[in-house]
Structure formats: C-alpha cells, structure tokens
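# Structure at a glance
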Amino acid sequence: MKKSKKYSTAGVYIALGIGSVLMIFPFIWMLLTAFKTNAEVLQIPPTILPSSWNLDSFKNALDMLPFGNLYINTALMILFRVLCAVVFCSMAGYAFAKLQFKGKNILFTLIIVQQMIPGQIFIIPQYQMLAKVGLTDTLFSLVFPGIVSAFGTFFLRQAYMGIPDEIAEAAYLDGCNRWQTFTRVLFPLTKSSVAALSVFTAVFAYTDLMWPLVANTNINHTTLSAGLSTLNGQFSTNYPVLMAGSLLAMLPMVILYLIFQKQFIEGVAMTGGK
C-alpha cells in the first residue's frame, strides 16, 4: 500500500511538472524571441537561443509605441473598473441576497442570462451611446463597459448568501438601518470576495482588446492590449519587436499577480465551490 501510494504521488508530481513546463514554454519562447533578430525568428529549422543577446527589439518597441500613455491609460481603466465593480456589485449583491422586493427573481434571472450572452453583442449599442454624447476617444469610454458587471453581481451575491441572516438581524436590534448594516457590518465580512473580484476585474480589463480598438482610435488614448495590435503588420511582422512589446506590456499584470496571488487563488476556489 505504501509503495503504491508513493508511486501515485510520484505520478502526480510528474504530471504536474510536465504540465508546468508546457504552460511556461510559450513565455520562455516569447522571452527568447525578443532577443533574436527577425532573420533568426524566420530561420528553418528554428533556433532556440539567440545568436547575440541585444536590446534592439525593446528600443524599437519603445520608439513605435507610446508606452507611457498606454501604461497610464491601462492603469486608470483598471482602477476605475475595479472601483465600479466593488461599489455597484457589492450593493447589487447585497440587495439580491438579503433584501426582499418585487421582481427580485426576474431581475436576477436577467443577470444570469446576461452572463450567457457574448459581450461582443453589446459593442454596437455601447459605442452608439458614447458617440451620441461625444465621449469616444476618452478615458470614460474605456471604463464604460465595466461600470456594472453581471459576473460581479452574481459573485458577491453568493458571498452575501453565505453570511447568516442572524448577523444582519443583530445589527438591526443594535439600531443600524439597512445602509449602516450593509456598510459597517456585512460589507467588511466579504473582504476576501471583494479582493478576489478586484483581481478578476483587473485581469478582464487588462485582456480586453476589442472594445479599446472600437472606442478609442487614437493610439495615445488606448490601452496596452490595443496598442500591441498595431505591431502586428498586415503583410509582414517584426516578431522580435512584437515579443519585446508583449513583455513590456505584461509587466503590470505579473506584478499585480505577485502581489494578489493569494486572493486570486481564493477567488478561483470560491467560484468553483459555489
């Protein structure tokens, strides 16, 4: 029994090791490609290591794209989308979980249905709304689709559903009204869920490509993901420059993950459990 257990444990570690190598290999290839010349990238058979480790691709990427503006635009978009998700989704999740009002089940059903519909369907009406008020090519246009989130509402509703009703009732007996009960008693209890939602919202905002391309046509007003798409040429692409730009663009999310990896893992576990 002990030997079979050891073999099974070793098999699990081997499988996880192989999976880890497969997962990290694209990143390693991107890193190595960034230091190659375009001729080396197109060489057949392909080479793994660059012949000379030069930084020309990084210099060209910095010259071709205004990374300063792209970093600022992306950071502000993520910040405001996270704030909107935390504020509005917390209030909506609390209302759906703890309050009783007419049409509650119908409204929540609509939220669930919205999660099943591809977000691309809403691009045209959202753009028309912004165009009519003249807010395209602005920071608000980047934040606009993330002001409310069906996923965030559902996620935090599940968090509030897990809080016993007796806690809210005790707050009422102590003289708290509904707003005070929400802000001072129940909201602090969802701290881990709010942190997880913040990380998820930041990742979703960072990877959003189509909307920034549609809403903002000025390269100085767009985000990192949309800016990188301009490095992909129509007929030919300088792959080392593209990979160098991708490395520069991914730095914020790598830092964000290293800081909030605990909340990210907890969020994945909570979503799967509920």
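What you see is a predicted model; the values in this text were computed from it and never measured.

### A short note on the overall build of the protein
Scanning the protein for helices and strands turns up 14 helices and zero strands. Secondary structure elements of the protein, listed N to C terminal, follow the sequence α-α-α-α-α-α-α-α-α-α-α-α-α-α. Computed over C-alpha atoms, the radius of gyration of the protein comes to 23 Å, more than 25% over the 19 Å expected from 2.2 N^0.38 for 274 residues, which places it beyond the range of a compact globule. Structurally, the protein occupies a C-alpha span of about 75 × 70 × 30 Å along its principal axes. The buried share among the 274 residues of the protein stands at 36%.

### Considering a nonpolar patch on the surface
On the surface, a nonpolar cluster with roughly 480 Å² of combined accessible area is contributed by Ile72, Leu76, Leu79, Phe80, Leu83 and Leu139. For the nonpolar patch, the element with the most residues is helix α4 (residues 67–98), which contributes five residues. Topologically, Leu76 is positioned in helix α4. Judged by relative accessible area, which is 31%, Leu76 ranks as partly exposed.

### Section: the layout of surface pockets
When its volume is computed, the largest pocket comes out at roughly 1,100 Å³. What lines the largest pocket is a set of 32 residues, among which Gln114, Gly119, Pro145, Val148 and Ser149 lie closest to the centre. Counting residues per element, the ones that place at least two in the lining of the largest pocket are α4, α5 (104–116), α6 (123–132), α8 (150–161), α11 (191–207) and α12 (210–215). Put simply, the second largest pocket is a space of about 250 Å³. As for the second largest pocket, its lining consists of 15 residues, of which Ile78, Ala202, Met253, Leu256 and Phe260 are closest to the centre. Sorting the residues of the lining of the second largest pocket by element identifies α4, α11 and α14 (239–273) as the ones contributing at least two each. Split by residue class, the lining of the second largest pocket holds 13 nonpolar, two polar and no charged.

### Comments concerning the packing of α4 against α8
In the contact formed by α4 and α8, the axes pass within 7 Å of each other and the chain directions differ by 50°. In terms of axis orientation, α4 runs oblique to α8. Both α4 and α8 take part in a crossing whose hand is right-handed. Here α4 contributes Cys89, Ser90, Ala92, Gly93, Tyr94, Phe96, Ala97 and Lys98 to the contact with α8, which in turn contributes Gly152, Thr153, Leu156, Arg157, Tyr160 and Met161. Tallied by class, the residues present in the contact of α4 with α8 amount to eight nonpolar, four polar and two charged.

### Notes on unusual backbone geometry
The general pattern is negative phi for most residues beyond glycine and trans for most peptide bonds. Ile44 connects to Pro45 through a cis peptide bond whose omega is 0°. Position of Pro45 among the secondary structure elements: in the loop between α2 (38–41) and α3 (56–64). Phi at Asp137 takes a positive value of approximately 60°, unusual for a residue other than glycine. Mapping Asp137 onto the fold places it in the loop between α6 and α7 (139–143).

### Looking at the nonpolar core
Phe58, Ile78, Leu156 and Tyr160 are the most contacted members of the largest nonpolar core, which has 43 residues in total. Secondary-structure elements contributing two or more residues to this core are α1 (2–34), α3, α4, α8, α10 (178–189), α11, α13 (224–229) and α14. Here this core gets 11 residues from one element, more than from any other, and that element is α4. Counting five residues, the second largest nonpolar core, distinct from the first, contains Ile123, Leu130, Phe144 and Ala215.

Analysis parameters
Numbering of residues begins from 1 in every chain and follows the order in which that chain's sequence is written. For this predicted model, a pLDDT threshold of at least 70 governs which residues receive local features, and a threshold of 80 or more governs which side-chain atom pairs are given and counted, while totals over whole chains, interfaces and linings are taken from all residues. Each side-chain value is derived from all of the structure's non-hydrogen atoms; neither hydrogens nor water enter the calculation. In this text, helices come from DSSP runs of H or I with a minimum length of four residues, and strands from runs of E with a minimum of two, each type numbered from the N-terminal end. For this measure, only C-alpha atoms enter the radius of gyration; the expected value for a globule follows 2.2 Å times N^0.38, where N is the number of residues. To sort residues, take the accessible area from a 1.4 Å probe on protein chains only and compare it with the maximum for the residue type: under 20% means buried, over 50% means exposed, and anything in between is partly exposed. Without a salt bridge and with relative accessible area above 30%, a residue can belong to a patch; like charges are then joined within 9 Å and nonpolar side chains (Val, Leu, Ile, Met, Phe, Trp, Tyr) within 5 Å. Only the protein chains shown count as cover for residues, and all accessible areas are computed by the Shrake-Rupley method using a 1.4 Å probe. Think of a salt bridge as a Lys or Arg side-chain nitrogen and an Asp or Glu carboxyl oxygen that are within 4 Å of each other. Only protein atoms enter the 1 Å grid, on which a cavity is a set of points fitting a 1.4 Å probe that cannot get out and a pocket is an open set with protein on both sides within 12 Å along at least 5 of 7 lines, lining residues being those with an atom within 4 Å of a point. Grid points are joined across faces, edges and corners, and a volume is the space filled by probe spheres set on the points. Residues are grouped as follows: Ala, Val, Leu, Ile, Met, Phe, Trp, Tyr, Cys and Pro are nonpolar; Asp, Glu, Lys and Arg are charged; all remaining types, including Gly, are polar. Between the N-to-C directions of two axes lies an angle of 0 to 180 degrees, each axis being a line fitted to C-alpha atoms and, for a helix, fitted only over the stretch in contact. The scheme is simple: roughly parallel for angles under 35 degrees, roughly antiparallel for over 145, roughly perpendicular for 65 to 115, oblique for anything else. Two helices crossing with the near one rotated counterclockwise from the far one by less than a right angle form a left-handed crossing, whereas a clockwise rotation gives a right-handed crossing. By the convention used here, residues are in contact when the closest approach between their heavy atoms is within 4.5 Å. Here, nonpolar core means buried Ala, Val, Leu, Ile, Met, Phe, Trp, Tyr and Cys residues that are tied together by side-chain atoms lying within 4.5 Å of each other.

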